[in-house]
There are 2 protein chains.
Amino acid sequence: MDIKREITKIAEQAKEASRLLPLLPSKTKNKLLISMAQELIKNSQSLIRANQKDLDQAQKRNLKLSLVDRLTLSEKRIAQMAESLKNIARLEDPVGKIIKSFRRPNGLLIKKVRVPIGLIAVIYESRPNVTSDTVGLCLKSGNAIILRGGKEAINSNLAIFKTLSRSLKKYGLPAGAANLLKITDRKAVDVLLGLEGLIDLVMPRGGEGLIRRVSKNSRIPVIKHYKGICHIYVDNQANLALAKKVVFNAKVQRPGVCNAMETLLVHQTIAKKFLPSMLKELQTAGVEIRGCAKTVKIASVASAASAASAIKKAKEFDWQTEYLDLILSVKVLSNLEEAVEHINHYGSGHSEAIITENRTKAKRFLKLVDSACVYVNASTRFTDGYEFGLGAEIGISTDKLHARGPMALEELTTYKYEIFGQGQIRT
Amino acid sequence: MDIKREITKIAEQAKEASRLLPLLPSKTKNKLLISMAQELIKNSQSLIRANQKDLDQAQKRNLKLSLVDRLTLSEKRIAQMAESLKNIARLEDPVGKIIKSFRRPNGLLIKKVRVPIGLIAVIYESRPNVTSDTVGLCLKSGNAIILRGGKEAINSNLAIFKTLSRSLKKYGLPAGAANLLKITDRKAVDVLLGLEGLIDLVMPRGGEGLIRRVSKNSRIPVIKHYKGICHIYVDNQANLALAKKVVFNAKVQRPGVCNAMETLLVHQTIAKKFLPSMLKELQTAGVEIRGCAKTVKIASVASAASAASAIKKAKEFDWQTEYLDLILSVKVLSNLEEAVEHINHYGSGHSEAIITENRTKAKRFLKLVDSACVYVNASTRFTDGYEFGLGAEIGISTDKLHARGPMALEELTTYKYEIFGQGQIRT
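## Notes on the overall build of chain A
- Within chain A, the regular secondary structure consists of 15 helices and 16 strands.
- The C-alpha atoms of chain A give 25 Å as radius of gyration, which agrees with the globular expectation for 427 residues (22 Å, within 12%).
- With the C-alpha coordinates aligned to their principal axes, the bounding extent of chain A is approximately 75 × 70 × 40 Å.
- Scored against the burial criterion, the 427 residues of chain A give a buried share of 52%.
- Of the contacts made within chain A by residues no fewer than 6 positions apart, 74% connect residues no fewer than 24 positions apart.

Put into structure tokens, the structure is as follows:
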């Protein structure tokens, strides 16, 4: 009950603050972000000391090494956090941008104008850099924010937030414009998710478990990204050298990210020609292959000839899985339609690619695949706010409403209609 | 359990159909809509006969007259339904429209393209015209649809839907592109609202009770409009003649609709000058006034002088209420900030207006009021898809994500990124 009252109070104050943020000039917001960047650098040592407490705890609790890595702050990482804030300062302010403007026959002038969403809650896990990134992106887009980071990073997050708060005060931001919850109890999340009417949007950032829990329990709109089960379909009319290069890149260059390929789909006509050398190259790079019956057959013939390793048979589980690892499922199919069906059935709506020289087929694939980003002859690894030239990214949405694909400043806004009259009435 | 299996099957088929709808050319969709309009006219008599069954039931169940009126189909109303379909056929097709197109330094061409949302469920009450309007709007924007109308209109809805289905077959639409649930059991709604992953969007249309129930129980994104508690603030720098005209129009012209004014806010400096004649005019038109203490005082002095009726004292309840009737709550306040605070606290985020000749104040009001439509010197009654020139309307959203204000064809779409490469990989 106390947690509920405390968090509700924080949200009420944050909502109040959010009412005033649309008035903040871009210049003030930019100065604020640069000041926050400077504070981070200036306080590097104390941030690293606070982070050490979390690292000590992590060791006691035997956290996974990958988690410890994400948790760790170094001077270099703090410098990157500062750089990211400066970068956000340089981006165009979406608030106040006129999306459309038109005059009606009765003389009414109607402007559709970008405005902040209001109050955004971000629930995240171990990466402390999310704290400064998110504060930067939300304030630049005129939104108030409530952060709820993971228990494992609480000391780091509190230290970062305290550092940023100095700049908030310096630039006279309304009290409560940015908040970090000290309460790491899981109850705090449930309370947040029930504050419909106060909080306008919830964004979970972290593992699939967290995201599912948040989106299941929220009474507030959620924009999320469950996972990226990305596909590449190599058509029978593909340039096979190009296909090889793109497939290798999408799987191997950085397998642990959401835009890496998890399943390769190959047209049956070119499978025998394409797969043996492709699979060998992938295996040489350490990729474990799990193939459909046809793939296994092609590979076994090839491996007998070339001494490449044999491959495992893929199970239903494999088509549904985001490995985030050097593992690839491979399926041979009879045509583009089958590929589309497989993608729309097993995919996560993130990023898919077709490799083909046939424009008509490329167009058909683009239209039929129901994903945020659909590529022709390029690696799925480009689905990213920076790669798209948005300058920053708060996440990638695999939802279809409001925002889809890389989310940057513009996606953190909504719009309102401003209508200018001279006494017009309805008759 | 049977209901669940049946509805899930319908949704699965509808989802399959939705995959193909993005391929439908605008021309085919337009011909389809015109054919549907013709079928409605051709079958007027049988529609009216089916409607009579619902009207008989309504009489037996002693339904309210206003409900019976909404339920009634006449030749004229059927002609309007047909006209509305033809009108949608004439509107520009949003699908395939390029929102943005840009080339990255690495040569990737990125297009942000409008695409249908997918499968939309519409849950509505007694108006049978919603059946044809919604089918028209959803199909034109390339979406598959599941309709779930109210029990009280089931015979009319089934007859309308059967009539429209003839055209669907004639134009070869994929089976399941449009569906009307025969099951009027309330369980059907609960099943629909749980079909996350199949249904992409739920739109409730009807009374506040229905909308709250749907949005509370849905696991699927909902776009809704609870109610319209619209305000007009008459500033001390208002043109009072203009104010009088606009206020009268916003309350009296059609009090039963969501964009009618429910609360009048008046700056204290002009209250004594403005209110007596304004209130008298409203009372003469049959409006019951419920005022704050200051309003009551001003009115009582005035009524002693002019023999206008005295007014009731407004209670907390009044500021929170969408009367949809000839009732108006009136509050005198000391400045624009108080007006904004009142609106953001009690309003429903629908439509508000300021009457002022001061541009700076107008701008401040526009920025600070957190509503879909904010007017300067015009009646709130213009918040409407047709009045905005959108050509049609599926509803008005008081939500802030995805769509805000009048929703037409464009708001029934989302976007995807289509990315064209020549073998680009990430390094």
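## Describing the relation of the copies chain B and chain A
- Overlaying chain B with chain A gives an RMSD of 0.0 Å, the required rotation being 180° about an axis along which the chain moves by 0.0 Å. Here the copies are linked by what is in effect a two-fold axis. Scanning chain B for the C-alpha nearest the rotation axis identifies His402(B), at a separation of 1.8 Å.
- An overlap of 100% is found between the interface residues of chain B and their copies at the interface of chain A, pointing to a shared contact surface.

## Thoughts on the sheet that holds strand E13 (residues 373–378) of chain B
- With mixed pairing, ten strands are arranged side by side in an open sheet as E1(A)-E2(A)-E16(A)-E13(B)-E12(B)-E7(B)-E8(B)-E11(B)-E9(B)-E10(B). The open sheet has two edge strands with one neighbour each: strand E1 (98–103) of chain A together with strand E10 (312–313) of chain B.
- Running at roughly 170° to strand E7 (residues 230–234) of chain B, helix H10 (residues 240–252) of chain B makes contact with strand E16 (413–424) of chain A together with E7, strand E8 (261–267), strand E11 (327–333), strand E12 (351–355) and E13 of chain B of the sheet.
- On top of the sheet, helix H14 (residues 336–346) of chain B reaches E7, E8, E11 and E12 of chain B; it is set at about 140° to E11(B), its chief contact.

## Describing the nonpolar core
- The biggest cluster of nonpolar side chains holds 145 residues, and the ones touching the most others in it are Val202(A) and Val202(B).
- Excluding residues that lie within four positions of it along the chain, Val202(A) makes contacts with Ala121(A), Ile123(A), Leu193(A), Val214(A), Ser218(A), Ile220(A) and Val222(A).

## Focus: the pairing of E16(A)
- The pairing of strand E2 (residues 109–116) of chain A with E16(A) spans eight bridges and is antiparallel. Residue Ile110(A) lies in a different strand from E16(A), and its bridge partner there is Ile419(A).
- Note that E16(A) and E13(B) share five bridges and pair parallel. Residue pairing in the sheet places Glu418(A) in a bridge with Val374(B) of E13(B).

## Looking at the interface of chain B and chain A
- Every contact between the two is made by 53 residues of chain B and, on the other side, 53 residues of chain A.
- Listed by contribution, the elements that provide at least two residues to the side of chain B that touches chain A are H10, helix H15 (359–368), E13 and strand E16 (413–424) of chain B.
- The biggest single contributor to the side of chain B that touches chain A is E16(B), with eleven residues.

## Observations regarding the sheet that holds strand E3 (residues 119–124) of chain A
All names here are of chain A.
- If you trace the four strands from one edge of the open sheet to the other, you get E5-E4-E3-E6, paired in parallel fashion. Two strands close off the open sheet at either side, each with one partner strand: strand E5 (178–180) and strand E6 (201–205). Going across the sheet, the axis of each strand differs from the next one's by a mean of 15°, ignoring polarity.
- Of the pairings in the sheet, the one linking E3 to E6 comprises five bridges and is parallel in character. Following the sheet pairing, tyrosine 124 is matched in E6 by arginine 205.
- The strands touched by helix H8 (residues 186–193) are E3, strand E4 (144–148) and E6; relative to E4, the strand with the most contacts, the crossing angle is about 150°.

## Overview of the packing of helix H2 (residues 26–42) of chain B against helix H5 (residues 75–90) of chain B
Residue and element names in this part refer to chain B.
- Across the interface, H2 lies against H5 with an axial gap of 8 Å and an inter-helix angle of 170°. Relative to H5, the element H2 lies roughly antiparallel. Contacts between H2 and H5 involve Asn30, Leu33, Ile34, Met36, Ala37, Leu40 and Ile41 from the former and Ile78, Ala79, Met81, Ala82, Leu85, Lys86, Ile88 and Ala89 from the latter.
- Grouping the constituent residues of the contact of H2 with H5 by class yields 13 nonpolar, one polar and one charged.

## Describing the domain arrangement of chain A
Residues and elements named next belong to chain A.
- According to the domain assignment, chain A consists of domain 1 (2–224 + 402–420) and domain 2 (230–387).
- Taking the mean C-alpha position of each, domain 1 and domain 2 sit 36 Å from one another.
- Each residue belonging to the side of domain 1 that touches domain 2 can be placed in one class, and the counts come to two nonpolar, one polar and one charged.

## A look at the confidence of the model for chain A
- Overall, the predicted model of chain A reaches an average pLDDT of 94, with 98% of residues at or above 70.
- As scored by the predictor, the complex reaches a pTM of 0.94 and an ipTM of 0.95.

## Some points on the packing of helix H3 (residues 44–60) of chain A against helix H7 (residues 154–170) of chain A
All names here are of chain A.
- Viewed as axis vectors pointing N to C, H3 and H7 meet at an angle of 160°, and their least axial separation amounts to 7 Å. With respect to their mutual orientation, H3 and H7 come out roughly antiparallel. The crossing of H3 and H7 is right-handed. When H3 is examined against H7, the residues Ser46, Leu47, Ala50, Asn51, Lys53 and Asp54 are found in contact with a partner set consisting of Asn155, Ser156, Ala159, Ile160 and Thr163.
- The residue makeup of the contact of H3 with H7, split by class, is four nonpolar, five polar and two charged.

## Some remarks on the environment of Ser44(B)
All names here are of chain B.
- Relative to the assigned elements, serine 44 resides in helix H3 (residues 44–60).
- Using a count of 19 C-beta atoms within 10 Å as the deciding quantity, one classes serine 44 as partly exposed.
- Sequence separation between serine 44 and threonine 163 is 119 residues; the distance between their C-alpha atoms is 9.7 Å.
- Ignoring any residue separated from it by four or fewer positions in sequence, one finds serine 44 in contact with Glu75 and Ile78.

## With respect to unusual backbone geometry
Residue and element names in this part refer to chain A.
- Non-glycine residue leucine 324 carries a positive phi angle of around 50°.
- Following the sequence through the fold, leucine 324 ends up in the loop between helix H13 (316–319) and strand E11 (327–333).
- In this structure leucine 324 comes out as partly exposed when scored by C-beta crowding, with 15 C-beta atoms within 10 Å.
- A positive phi angle, near 55°, is found at asparagine 377, a position not held by glycine.
- By the element assignment, asparagine 377 lies in strand E13 (residues 373–378).
- Looking at asparagine 377, the number of C-beta atoms within 10 Å reads 22, which means it is buried.

## Some words on the pairing of strand E4 (residues 144–148) of chain B
Residues and elements named next belong to chain B.
- With five of five residues buried, E4 is to be regarded as a mostly interior element.
- In this sheet, E4 lies alongside strand E3 (residues 119–124) in parallel orientation, the contact comprising five bridges. Directly across from isoleucine 123, in E4, lies its bridge partner arginine 148.
- With helix H6 (residues 129–140) bridging E3 and the parallel E4, this β-α-β connection has right-handed handedness.
- Direction of pairing for E4 relative to strand E5 (residues 178–180): parallel, over a ladder of three bridges. Bridged to leucine 147 within E5 is leucine 180.
- One crossover worth recording links E4 to the parallel E5 by way of helix H7 (residues 154–170), and it is right-handed.

Criteria and thresholds
- Residues numbered from 1 in each chain as written.
- Chains lettered and ligands numbered in written order.
- Predicted model: local features only at pLDDT ≥ 70, side-chain atom pairs only at ≥ 80, totals over all residues.
- Helix = DSSP H or I, 4+ residues; strand = E, 2+ residues; numbered from the N terminus.
- Rg over C-alpha atoms; globule rule 2.2 N^0.38 Å.
- Buried ≥ 20, exposed ≤ 12 C-beta atoms within 10 Å, placed from the backbone.
- Contact = placed C-beta atoms within 7 Å.
- Least-squares fit on C-alpha atoms with pLDDT ≥ 70 in both.
- Pairing = 2+ DSSP bridges.
- Axes fitted to C-alpha atoms, helices over the stretch in contact; angles between N-to-C directions.
- Core = buried A, V, L, I, M, F, W, Y, C linked by C-beta atoms within 7 Å.
- Parallel < 35°, antiparallel > 145°, perpendicular 65-115°, else oblique.
- Nonpolar A, V, L, I, M, F, W, Y, C, P; charged D, E, K, R; others polar.
- Domains from an automatic or database assignment.
- pLDDT = per-residue confidence, 0-100.
- Left-handed = near helix turned anticlockwise from the far one by under 90°.
- Right-handed = clockwise from strand over helix to strand, strands pointing away.

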